[in-house]
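Listed here are the chains, written in short residue letters.
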Amino acid sequence: ALEVRCVTQPGIVRDIHFTLRRGEVLGISGLMGAGRSELARILFGLDPCKRGEILLDGQPIHRAVPRRRIQRGLAFLTENRREEGLCMEAAIADNIALVSIGQHTRPPLGLLNFAGLRRALSTIRQAVRLTPTARDEAPVKTLSGGNQQKVVLAKWLLARPSVLLLDEPTRGIDVGAKFEIYQLIHELADQGAGVLVISSELEELIGICDRILVMSHGEIRDELGRE
């Protein structure tokens, strides 16, 4: 699903090389400052990459802007959901529709198909197990941390990505919401998506990943299989 070849950005990451297969959950572990989040931003196209290749489904994307990478099937759940993942004052429905709203327009004028969008929102809300008491028009800031994270996931899942980059997907949420997000990650992998999970919680990675890459000082130092 995703192949990274010798990706290097001086002072950030060096000679990063790995593959992510369809249906696999791949973890990245390491201490603060190891370069994990910086690597995710490079893969998504938010930060520059001086050298190396990034291939999505066998096609190079390292020169593509983030919008193009999204269109090609890449999704990125940032570690800072309140400042980078959500529009906190906007409605829950508007946040979920942010990435994929263009898919719910009708030619030739590009008018929004409200009925189709409402059906899609209802389906994805159920898929991420968003609390049924949350009204679509309510500001997303009124939700708990766990439900806010589910809104971010819903936003990306509505775009039907083939590869998901999840940076600290369960940070700051309660145990019940964590378990539901773990279930979602495995369901996505079962459906054929490749999932890359960055986490500071080693026990979390051991519990959900098929393989774990260990990063230190901007390099991948080891790879651990489930066994």
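The sections below set out a description of the structure shown in this document. The residue numbers shown here count from 1 along each chain, following its written sequence. Reporting of local features is limited, given that this is a predicted model, to residues whose pLDDT is at least 70; pairs of side-chain atoms are given and counted only at 80 or more, and all residues count toward the totals for whole chains, interfaces and linings. Think of the side-chain values as coming from all heavy atoms in the structure, minus any hydrogens and water.

**Here's the deal with helix α5 (residues 114-127)**
Short version of the rule: Strands here mean DSSP runs of E at least two residues long; helices mean DSSP runs of H or I at least four residues long; both are numbered from the N terminus. Helix span, as expected, comes to 1.5 Å for every residue beyond the first. It only takes one pair of heavy atoms within 4.5 Å for two residues to be counted as in contact.
Over its 14 residues, α5 extends 20 Å from the first C-alpha to the last, a length consistent with the 20 Å expected when each residue adds 1.5 Å. The elements touched by buried residues of α5 are α4 (92-97), β8 (111-112) and α6 (145-157). One or two positions beyond α5, positive phi appears at Arg129, with a value near 60 degrees.

**Thoughts on the packing of α6 against helix α7 (residues 175-190)**
Put simply, the rule reads: Here an angle of 0 to 180 degrees is reported between the N-to-C directions of two axes, which are lines fitted to C-alpha atoms, with helices fitted over the stretch in contact. Here is the rule for angles: anything less than 35 degrees is roughly parallel, anything more than 145 is roughly antiparallel, 65 through 115 is roughly perpendicular, and the remaining ranges are oblique. Each crossing is labelled by how the near helix is turned from the far one, with a counterclockwise turn of less than a right angle marking it left-handed and a clockwise turn marking it right-handed. Each residue is assigned to one of three groups, with Ala, Val, Leu, Ile, Met, Phe, Trp, Tyr, Cys and Pro labelled nonpolar, Asp, Glu, Lys and Arg labelled charged, and all others, Gly among them, labelled polar.
Direction vectors running N to C along α6 and α7 enclose 15 degrees, while the axes themselves pass 10 Å from each other. In terms of their interaxial angle, α6 and α7 are classed as roughly parallel. By crossing handedness, the relation of α6 to α7 is classed as left-handed. Along its contact with α6, which presents Gly146, Gln149, Lys150, Leu153 and Leu157, the element α7 presents Ala177, Glu180, Ile181, Leu184 and Leu188. Residues belonging to the contact of α6 with α7 are distributed by class as follows: 6 nonpolar, 2 polar and 2 charged.

**Some remarks on the sheet that holds strand β10 (residues 194-198)**
Quick note on the threshold: If DSSP finds at least two bridges between two strands, the strands pair.
One open sheet holds the 6 strands; their spatial order is β6-β9-β10-β3-β11-β12, and the pairing between them is mixed. On the outer flanks of this sheet lie β6 (74-77) and β12 (219-225), each paired with one strand and no other. Averaged over all pairs of adjacent strands, the angle between their axes in this sheet comes to 20 degrees, without regard to strand direction. One ladder, built from 6 bridges, connects strand β11 (residues 211-216) with β12; its direction is antiparallel. Each residue of the ladder has a partner; that of Leu213, found in β12, is Glu223. The strands touched by helix α1 (residues 36-44) within the sheet are β3 (25-29), β6, β9 (163-167), β10 and β11, with β6 carrying the most contacts at an inclination of about 145 degrees. Set on the sheet, α7 makes contact with β3, β9 and β10; between it and β10 the angle comes to about 150 degrees.

**A short note on the side chain of Ser29**
The topology assignment puts Ser29 in strand β3. Once you skip the residues sitting within four places of it in the chain, Ser29 turns out to touch Arg36, Ser199, Leu202, Leu205, Ile212, Leu213, Val214 and Met215.

**Some details on unusual backbone geometry**
The condition is simple: Only protein chains enter the calculation, and the probe is 1.4 Å; a residue is then buried if its accessible area is under 20% of its type maximum, exposed if over 50%, and partly exposed in between.
The step from Pro107 to Pro108 runs through a cis peptide bond, and the omega angle for that step is 0 degrees. Here Pro108 shows up in the loop between β7 (105-106) and β8. Positive phi outside glycine occurs at Arg129, with the angle close to 60 degrees. Counting through the fold element by element, Arg129 comes out in the loop between α5 and α6. Under the relative-accessibility criterion, Arg129 is labelled partly exposed at 29%. Even without being a glycine, Glu168 presents a positive backbone phi close to 50 degrees. By secondary structure assignment, the location of Glu168 is in the loop between β9 and α7. On the accessibility criterion, Glu168 (6% relative accessible area) is buried.

**Looking at the nonpolar core**
Applied cut-off: We define a nonpolar core as any set of buried Ala, Val, Leu, Ile, Met, Phe, Trp, Tyr and Cys residues linked to one another through side-chain atoms lying within 4.5 Å.
Ranked by internal contacts, the top residues of the largest apolar core, which has 70 residues, are Leu2, Phe18, Leu43, Ile92 and Leu165. Ranked by residue count, the leading element in this core is α7, at 7 residues. Here Phe18 is in contact with Leu2, Glu3, Val4, Leu26, Leu39, Leu43, Leu196, Leu213 and Ile220, once residues within four sequence places are set aside.

**Thoughts on the pattern of salt bridges**
This is how it is decided: We define a salt bridge as a side-chain nitrogen of Lys or Arg found within 4 Å of a carboxyl oxygen belonging to Asp or Glu.
With the rule as written, the count across this model stands at 20 salt bridges. For Glu53, the salt bridge is made with Arg5, and the minimal N-O distance between the two is 3.2 Å. Of this pair, Glu53 sits in strand β4 (residues 51-56) while Arg5 sits in strand β1 (residues 2-9), and the two are 48 residues apart along the sequence. The exposure class of Glu53 is partly exposed, given its relative accessible area of 31%. A residue is classified by how much of its surface remains accessible, and Arg5, at 32% relative accessible area, is partly exposed. Note that Glu168 and Arg36 form a salt bridge whose closest N and O atoms lie 4.0 Å from each other. Within this pair, whereas Glu168 is found in the loop between β9 and α7, its partner Arg36 is found in helix α1, the two being separated by 132 residues in sequence. Assigned by exposure class, Glu168 and Arg36 land together as buried. Within the structure, one salt-bridge network assembled from shared partners comprises Arg21, Glu24, Arg211 and Glu223.

All we've got here are geometric facts, nothing functional implied.
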